[in-house]
Amino acid sequence: MIRFLLTIAALAAAVPALARDLTVMSLNIRLPAEGDGANRWELRRDLTAATIRRAAPDVIGTQELFRAQGDDLVAHLPRYRWIGVGRSGTGRAGDEHMGVFYRADRLRVERWGNFWLSDTPAVPGSISWGHPYPRMVTWAVFRERDGKRFALFNTHLPYRAEDEAAREKGAALLAARIPGIAGNLPVVLTGDFNAVPDSPTHRRLAQDLTDAWTATDRRSGPAATFHGFTGKPDRRIDWIFVRGFAPVRVTTIDTRRGDVFPSDHYPVVAVLRRAR
C-alpha cells in the first residue's frame with residue numbers, strides 16, 4: 001500500500017499544473033501630490049491596497065508610481081513584488097516609475113528591462129518628439145507555475161493635446177520592439193495612453209494587438225477611465241492590449257469611499273485565457 005501511494009504521489013507530481021486564467025490590472029496610480037487634498041496618497045493608500053487585494057491580479061502595470069508608493073503597496077500586499085526604474089534614469093526616489101507588480105507565489109520573473117520612447121531608446125531619460133518629460137516602457141518575461149511564459153509591457157504616453165504625433169511615434173516604437181523582446185510568446189500591454197480609442201495611437205497598436213475591452217462582451221463598469229478624483233470619468237485612456245490571449249472578461253473598477261478614490265484613474269482588470 002505504501003509503495004502504491006508513493007507511486008500515485010510521484011505521478012501527480014509529474015503532471016503539469018492545469019492552465020489557469022491570467023488576471024491583469026492596469027492602474028495609473030497617481031503620483032503623491034499634496035494638492036490632492038482628501039486624495040493625498042497617505043489618505044488613499046489603504047483603499048488602493050484594498051482595491052488591488054479584492055481584484056487579486058496576478059500582474060499589475062502601474063504608471064506615475066513613486067518608489068515610496070511601490071514599497072507601501074508591497075508592505076500592505078506581501079504576496080506581491082515589484083520591478084521598475086525611474087523614468088529620468090537618475091535613480092532618484094522622487095521619480096515616476098512604470099512599476100510592474102506581480103504575485104511572487106504565482107509568477108517568476110525570467111528577465112526584465114526598459115527602453116525609452118525616443119529616437120535613442122537605450123538612453124535612460126531620453127526625450128524626443130517635443131514632449132516635456134521622459135516616456136518609457138518597462139517590460140518583463142514571466143514564467144507561470146505551469147511552466148508557460150508570457151511577456152508584459154507597461155507604458156505611459158505623453159498627455160498634452162499637442163502630443164498626439166509623439167503618442168503615435170511612441171506606439172509605433174513600442175510595436176516595433178515587442179517582437180524582438182517577446183518573440184512568439186503571448187503578450188500583454190498595459191498603460192495610460194492619454195488617447196481615446198478613435199485615435200492614431202490606438203489604431204497603430206491595434207494593428208498587431210487586440211484591445212481587451214472591445215474583444216469581449218463580458219464587460220462591467222464604466223468604459224471611461226480618467227475621472228480626476230471626481231468619479232465622473234470622461235475618457236477611456238487606460239487600455240489593456242493582448243496577443244495570444246483571449247479576453248474572458250474586463251472590469252473597470254469604480255470603487256470609492258466617500259470622496260476618496262484609489263486613484264484619479266479607474267483601474268482596469270482583464271481576465272485572460274491563452275488562445276488555443
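Everything below is about the structure shown above.
Computed from a predicted structure; not experimentally measured.

Draft legend 1. The arrangement of helix α4 (residues 164–182) in detail. Under the 1.5 Å per step criterion, the end-to-end length of α4 is 26 Å for 19 residues, consistent within 8% with the ideal 27 Å. Taken as a whole, α4 has its buried residues at A166, R167, G170, A171, L173, L174, A175, I178, I181 and A182. Where α4 is buried, its residues contact β5 (107–116), β6 (136–144), β7 (149–156), β8 (187–192), α5 (200–206) and β11 (238–243).

Draft legend 2. How the structure looks around the nonpolar core. Core analysis: the biggest nonpolar cluster contains 23 residues, and F115, F153, L174, I178, L189 and L205 have the highest contact counts within it. Contributing elements (two or more residues each) for this core: β6, β7, α4, β8 and β11. Looking at this core element by element, the count peaks at 6 residues for α4. Within the second largest apolar cluster, 21 residues are counted, among which are V188, I240, V242 and V268.

Draft legend 3. Focus on the pattern of salt bridges. Enumeration according to the criterion identifies 19 salt bridges in this entry. A salt bridge links E110 to R143; its shortest N-O distance comes to 2.6 Å. Of this pair, E110 sits in strand β5 while R143 sits in strand β6, placing them 33 residues apart in sequence. Overall, the relative accessible area of 28% leaves E110 in the partly exposed class. The class for R143 is partly exposed, based on a relative accessible area of 27%. For R160, the salt bridge goes to E162, with nearest N and O atoms at 3.6 Å. Residue R160 is classed as partly exposed on the basis of its relative accessible area of 24%. Each member of the salt-bridge network shares a partner with another, and the members are R20, D58 and R106.

Draft legend 4. Structural view of unusual backbone geometry. Despite not being glycine, R30 has its phi angle at roughly 65°, a positive value. Relative to the elements of secondary structure, R30 occurs in the loop between β1 (22–28) and α2 (41–55). The exposure class assigned to R30 is partly exposed, which follows from its relative accessible area of 21%. Non-glycine residue W129 carries a positive phi angle of around 70°. Structurally, W129 can be placed in the loop between β5 and β6. Judged by relative accessible area, W129 falls into the partly exposed class, the value being 22%.

Procedures and definitions
Residues numbered from 1 in each chain as written. Predicted model: local features only at pLDDT ≥ 70, side-chain atom pairs only at ≥ 80, totals over all residues. Heavy atoms only, no water. Helix = DSSP H or I, 4+ residues; strand = E, 2+ residues; numbered from the N terminus. Expected span 1.5 Å × (residues − 1). Buried < 20%, exposed > 50% of the residue type's maximum accessible area, 1.4 Å probe, protein only. Contact = heavy atoms within 4.5 Å. Core = buried A, V, L, I, M, F, W, Y, C linked by side-chain atoms within 4.5 Å. Salt bridge = Lys/Arg side-chain N within 4 Å of Asp/Glu carboxyl O.

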